[in-house]
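Structural characterization, general
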Protein chains: 2
Amino acid sequence: MNSASPAPGSQSSLRERNLLRVLDTVTSLGSLTQVEIAEQTGLSAATVSNMVRDLHAAGVVSLTPGTRNGRRAVHVALATPDGVIGAMVFGDRDVRVAVAASPERILSSTRMPLPAEHAADEGLNRAAILIADLLEQLGHEPSELLAVGVGIPAPIDSVSGQVGSSGILPGWRGVDIEVAAGDALRTPTQVDNTANLAAIGELNAGALQGVQDAIHVKMSYGVGAGLIIDGSLYRGSAGTAGEIGHVTIDDRGAVCRCGNRGCLDTVVGSAAILDALRPTHGGVTLKDVISRALAGDTACQRVLGDAGDALGSALSAVVNLLNPQMISVGGQMARVGELLLGPARRTIERCALPSAGQSVTIVPGVLGDEADVIGALHLAHEMRETAQRAGLALA
Amino acid sequence: MNSASPAPGSQSSLRERNLLRVLDTVTSLGSLTQVEIAEQTGLSAATVSNMVRDLHAAGVVSLTPGTRNGRRAVHVALATPDGVIGAMVFGDRDVRVAVAASPERILSSTRMPLPAEHAADEGLNRAAILIADLLEQLGHEPSELLAVGVGIPAPIDSVSGQVGSSGILPGWRGVDIEVAAGDALRTPTQVDNTANLAAIGELNAGALQGVQDAIHVKMSYGVGAGLIIDGSLYRGSAGTAGEIGHVTIDDRGAVCRCGNRGCLDTVVGSAAILDALRPTHGGVTLKDVISRALAGDTACQRVLGDAGDALGSALSAVVNLLNPQMISVGGQMARVGELLLGPARRTIERCALPSAGQSVTIVPGVLGDEADVIGALHLAHEMRETAQRAGLALA
């Protein structure tokens, strides 16, 4: 303990605890009036008023005039002198948004389902409204949102700015996503596919911290990967590197939405998993399959184990080609842990070149389903920093 | 023409032509006595003596005491003030060596067959003797050989320094190649696999000059690749990246020498090509198959086309994973050009993700079979430059 800390029970330690209670409440609940803070903390209105005054003087919270129950009231929020950043991450069936002070400090986040065949502008506009709502709840002006990282569950061609395969996300065909997202949000955006974002998340704050040569595989409804080469994300010449989901596993296999046959995605994607279980388990969801497998359902375990085996086949090619030091596996399906990773690991041992197979470690991602959102916030954070440096250079 | 040049036919232009004749002779034939230079050029002994004196005064040639026909004679050679560099590149059945002033200026090179199952020290010692012979013919002391790039047709584990697969090059098992090569040559060496060396060659002096994201595939007796990422060779975490030959094409296919089944190498390697043609063509060699295919033999064309198709399957995975801008194909088999590249290109168009497939160009390598030797010289050149910089820093 720091020797300058006040003794427990002293006046100053009580004040410190009260300050922290107010700060924690504002951090976890967003923008609040002083009355709401008093209700949440159980502190008196006078104490809250003192604490808020001191926190504001120290620049830790911001005060914004507003209303509560029709009466004027000051809203107290965490001060974000550098503005806030956002994430907007589309899945096959939903969109998740977050507003954050920094990639490590998410202020608020939410999720909304989306129809599978939604149009790009519909998805983007709905998500932009969600972000606007979060900003308002947090007591931030729209202009304080300085940059947004946008995730799309499909390869994005960096030349055209469009989805790189006409069969994936049909409602987004022909749309320049960065332009459309910038129009919907009225703030600078950067777009990447969700597997790349998840890799950026795990690299900066998760399983791949400090690793120079790695792959992050995201297994949810579909499967994708982000490649870490010499310590940073590698996007390839046109931005679509890492498309492990469309590596051929069986060239006479099922037709894939990318137009090829027997891609890894047709074997381990959620559609294949659910099809395999339909005769015995009926219309279950991927979430059901995962929880049943964890509860001991042997058929669900077998199907996920077979998916791990197929993943291992594709990863053997990746291991031979790229000789990575570490592979992390995240996304919804990775929640089953060793049920998926064990078979993948055994197949890599069996199929990869011995030296390459022995030099790679397969681990679960540590950021769970949020890896892509955290990665999107890292993209936004970098954009903000670049803009601020450019601003300083101009000043 | 430079206005300071002497008029044609003048005394000084005659002297310049004689100087160039002497210089060209020494450049193309190596170390010679003045008598030999006179014989080769048709110039008088007195003229040769004058020219050699001037070239030596200008630092262009070096003079080394020696003998000719049992009598003392001075050997004239190109001056290499920075010493010379070497290449020693092992194939499945031979070794090629070269001595060069720079990667662009090979002074002399030669080739020697080796039994397929030769022991590492036997191969290295024989190759070291070949290099010593070249140095002597060129009039260089062994100490002038400052660095040698060594190529091995197998993955090399950068941690152990050994061949990364026990079934490939069995006679080299357990040998730390860089140490053994350094012992045999008594000069610093750097070892890499021949596909990586060929990629370095094509990147610096061939088809991939100026390309940031590319793959070079070497197809000879076996198949391997070197990955160019952000403008330089990528070796992976343990030095074995690029092993396209052991990407699985058919997981119930033939057993591969790496211990896996149905690797690309079992489908397009020379053993598979020759096996396919044995019933109709008997015991032909790879060289025969290539020349017959070029002469119109439809069976040879079909077998090489099928190899191109299988190469295209493996490259589709590479294209999806790495999204390269260019793929160059070199090695002996690439001599058939479009007979191999056409089917590879069509398979990539059919199987790769559209955006990644459309953004890649497939071209033949331009350095032919010498790409790996030129790459080895580039490795040696870099070693020499690094050592010279270190020497300057110490001085």
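Residues numbered from 1 in each chain as written. Chains lettered and ligands numbered in written order. Predicted model: local features only at pLDDT ≥ 70, side-chain atom pairs only at ≥ 80, totals over all residues. Heavy atoms only, no water.

**Some remarks on the overall build of chain A**
We count it as follows: Helix and strand assignments follow DSSP, with helices taken as H or I runs no shorter than four residues and strands as E runs no shorter than two, numbered in order from the N terminus. The globule rule used here is 2.2 Å times the number of residues to the 0.38 power, and the radius of gyration it is set against is calculated over C-alpha atoms. Under the scheme applied here, a residue whose accessible area is under 20% of the maximum for its type counts as buried, over 50% as exposed, and between as partly exposed, the area being computed with a 1.4 Å probe on protein chains only. By definition, residues are in contact when any of their heavy atoms lie within 4.5 Å. For accessible areas, the Shrake-Rupley method is used with a probe of radius 1.4 Å. Any residue's cover is judged against the shown protein chains and nothing else. Positive charges come from Lys and Arg, negative ones from Asp and Glu, while His and the chain ends are left out of the count. To locate a charge, take NZ of a lysine, CZ of an arginine, CG of an aspartate or CD of a glutamate.
Assigned secondary structure in chain A consists of 13 helices and 13 strands. Its C-alpha atoms give chain A a radius of gyration of 24 Å, near enough to 21 Å, the size a compact globule of 395 residues would have. By residue count, 55% of the 395 residues in chain A fall in the buried class. Long-range pairs, those at least 24 residues apart, make up 62% of the contacts in chain A between residues at least 6 apart in sequence. Per element, the accessible surface of chain A, about 16,800 Å² overall, is 51% carbon and sulfur. Counting 29 positive and 40 negative side-chain charges, chain A places the averaged centre of each group 5 Å from the other.

**What to know about the sheet that holds strand β10 (residues 223-229) of chain B**
Residues and elements named next belong to chain B. Let me state the cut-off plainly: Two strands qualify as a pair provided that DSSP identifies no fewer than 2 bridges between them. Between N-to-C directions, angles span 0 to 180 degrees; the directions come from axes that are lines fitted to C-alpha atoms, helices contributing only their stretch in contact.
Across the sheet, which stays open at both edges, the 5 strands sit in the order β11-β10-β9-β12-β13 with mixed pairing between neighbours. In this open sheet, the two strands that pair with only one neighbour each are β11 (232-234) and β13 (361-364). Within this sheet the neighbouring strands show an average axis-to-axis angle of 30 degrees, counted without direction. Sheet topology places β10 next to β11; 3 bridges connect them, and they run antiparallel. Bridge pairing in β11 places I228 opposite L233. Sheet contacts for helix α11 (residues 338-351): β9 (214-219), β12 (326-330) and β13; angle to β13, the most-contacted strand, approximately 170 degrees.

**Section: helix α5 (residues 177-185) of chain A**
Residues and elements named next belong to chain A. Condition: Directions pointing from the helix axis toward each C-beta atom define the arc.
Every buried residue of α5 is listed here: I177, A181, G182 and L185. Summarising the axial view, the buried residues of α5 lie within an arc of 130 degrees, below the 170-degree limit, and thus occupy one face. On its buried side, α5 packs onto β4 (84-90), α4 (120-137), β7 (145-152) and β8 (189-193). Of the residues trailing α5, R186 is marked for its positive phi of about 55 degrees.

**Some details on the UniProt feature "domain: HTH marR-type" (unreviewed entry) in chain A**
Inclusion rule: UniProt positions are given in the numbering used here, feature names are shortened, and annotations may be inferred rather than shown by experiment.
Sequence positions flagged by UniProt for "domain: HTH marR-type" (unreviewed entry) are, in local numbering, residues 21-72 of chain A. Taken end to end, residues 21-72 of chain A is 58% helix and 23% strand, and its two terminal C-alpha atoms sit 24 Å from one another.

**A few points about the interface of chain B and chain A**
Convention followed: Buried area is calculated as the accessible area (1.4 Å probe) missing from two parts once they are joined, with the contributions of both summed. Just to be clear on terms, a salt bridge is a Lys or Arg side-chain nitrogen sitting within 4 Å of an Asp or Glu carboxyl oxygen. Under the rule applied, a polar contact is a pair of N or O atoms within 3.5 Å (in protein, one hydrogen donor and one hydrogen acceptor; residues adjacent in sequence only if both atoms are side-chain atoms).
The partner chain A presents 38 residues to the 38 residues of chain B that form the contact. When the two sides are added together, the surface that chain B and chain A hide from each other amounts to roughly 3,000 Å², 58% of it contributed by carbon and sulfur. On the chain B side of the contact with chain A, B:Y234, B:L321 and B:L353 bury the most area, a combined 22% of that side's loss. Linking chain B with chain A are 0 salt bridges, by the criterion used here. Where chain B meets chain A, there are 21 residue pairs in polar contact (both at pLDDT 80 or more). Of all the elements in the fold, those that place two or more residues in the side of chain B that touches chain A are β10, α10 (298-322), α11 and α12 (354-358) of chain B.

**A few points about the packing of helix α1 (residues 11-29) of chain B against helix α2 (residues 34-41) of chain B**
Residues and elements named next belong to chain B. Here is the rule we go by: The scheme is simple: roughly parallel for angles under 35 degrees, roughly antiparallel for over 145, roughly perpendicular for 65 to 115, oblique for anything else. When residues are grouped by polarity, Ala, Val, Leu, Ile, Met, Phe, Trp, Tyr, Cys and Pro land in nonpolar, Asp, Glu, Lys and Arg in charged, and all others, Gly among them, in polar.
α2 packs onto α1 with a crossing angle of 105 degrees between their chain directions and a minimal axis gap of 10 Å. Put simply, α1 runs roughly perpendicular to α2. Mapping the contact onto sequence places R21, V22, T25, V26 and L29 in α1 and I37, Q40 and T41 in α2. Partitioning the contact of α1 with α2 into residue classes produces 4 nonpolar, 3 polar and 1 charged.

**Some points on the packing of aromatic side chains**
Residue and element names in this part refer to chain A. Put simply, the test is: Only Phe, Tyr and Trp rings take part, Trp by its six-membered ring, and two of them pair if their centres are within 6.5 Å. Stacked means planes under 30 degrees apart, edge-to-face means over 60, and tilted covers everything else.
Enumeration over the complete set of coordinates arrives at 2 aromatic pairs over all chains. Relative to W172, the ring of F90 has its centre 5.0 Å away and its plane inclined at 75 degrees; by these criteria the two rings are edge-to-face. Highlighted residues: F90 in strand β4 and W172 in the loop between β7 and α5, separated in sequence by 82 residues. For the pair F90 and W172, one class covers both residues: buried.

**Section: the pairing of strand β3 (residues 71-78) of chain A**
Within a regular beta strand, the side chains point alternately toward one face of the sheet and then the other, so they alternate between its two faces. All names here are of chain A. With 2 bridges connecting them, strand β1 (residues 32-33) and β3 associate as antiparallel partners. Considered in β3, the bridge of T33 is made with H75. What sits between the antiparallel neighbours strand β2 (residues 61-68) and β3 is a turn of 2 residues, in which N69 has the positive phi angle 50 degrees.

**Quick word on the domain arrangement of chain A**
Cut-off, in case you're wondering: All domain edges in this entry derive from an automatic or database-based domain assignment.
Split by domain assignment, chain A resolves into domain 1 (11-78), domain 2 (84-193) and domain 3 (207-366). Centre-to-centre, using C-alpha coordinates, domain 1 of chain A lies 47 Å away from domain 3 of chain A.

**Notes on the environment of B:S102**
All names here are of chain B. Within the secondary structure, S102 sits in strand β5 (residues 94-102). Given a relative accessible area of 19%, S102 falls into the buried group. Taking C-alpha positions, S102 is 23 Å from M112, a pair spaced 10 residues apart along the chain. Not counting the four nearest positions on each side in its chain, S102 is found in contact with I85 and R384.

**Here's the deal with the confidence of the model for chain A**
Let me state the cut-off plainly: Per-residue confidence from the predictor is given as pLDDT, running between 0 and 100.
Averaged over every residue, the pLDDT of chain A is 89; the share at 70 or more is 95%. Model confidence for chain A, summarised as mean pLDDT per element, is weakest for β2(A) at 79 and strongest for strand β12 (residues 326-330) of chain A at 97.

**Here's the deal with the relation of the copies chain B and chain A**
Both copies of the chain are related by one operation, a rotation about an axis with a shift along it. Keep this limit in mind: The copies were overlaid with a least-squares fit restricted to C-alpha atoms from residues scoring a pLDDT of at least 70 in each copy.
Of the transformation superimposing chain B on chain A, the axial component is 0.0 Å and the angular component is 179 degrees, with the fit at an RMSD of 0.4 Å. The symmetry that links the two subunits is that of a two-fold axis.

**What about the layout of surface pockets?**
Short version of the rule: Using a grid of 1 Å spacing that covers the protein atoms alone, one calls a set of points a cavity when a 1.4 Å probe fits there but cannot get out, and a pocket when the set is open and has protein on both sides within 12 Å along at least five of seven lines; lining residues are those with an atom within 4 Å of a point. Grid points are joined across faces, edges and corners, and a volume is the space filled by probe spheres set on the points.
Counted as a void, the largest pocket has a volume near 900 Å³. As for the largest pocket, its lining consists of 36 residues, and the residues nearest its centre are A:T248, A:I249, A:D250, A:S313 and B:D251. Breaking the lining of the largest pocket down by element, the ones donating at least two residues are α8 (270-281), α10 (298-322) and α11 (338-351) of chain A together with α10 of chain B. Ranked by residue count, the leading element in the lining of the largest pocket is α10(A), at 10 residues.

**Quick word on the environment of B:R111**
Residues and elements named next belong to chain B. Positionally, R111 belongs in strand β6 (residues 105-113). Given the relative accessible area of 49%, R111 is considered partly exposed. Along the backbone, R111 and F90 are 21 residues apart, and their C-alpha atoms lie at a distance of 9.7 Å. Setting aside residues no more than four positions away along its own chain, R111 makes contact with D94, V95 and R96.

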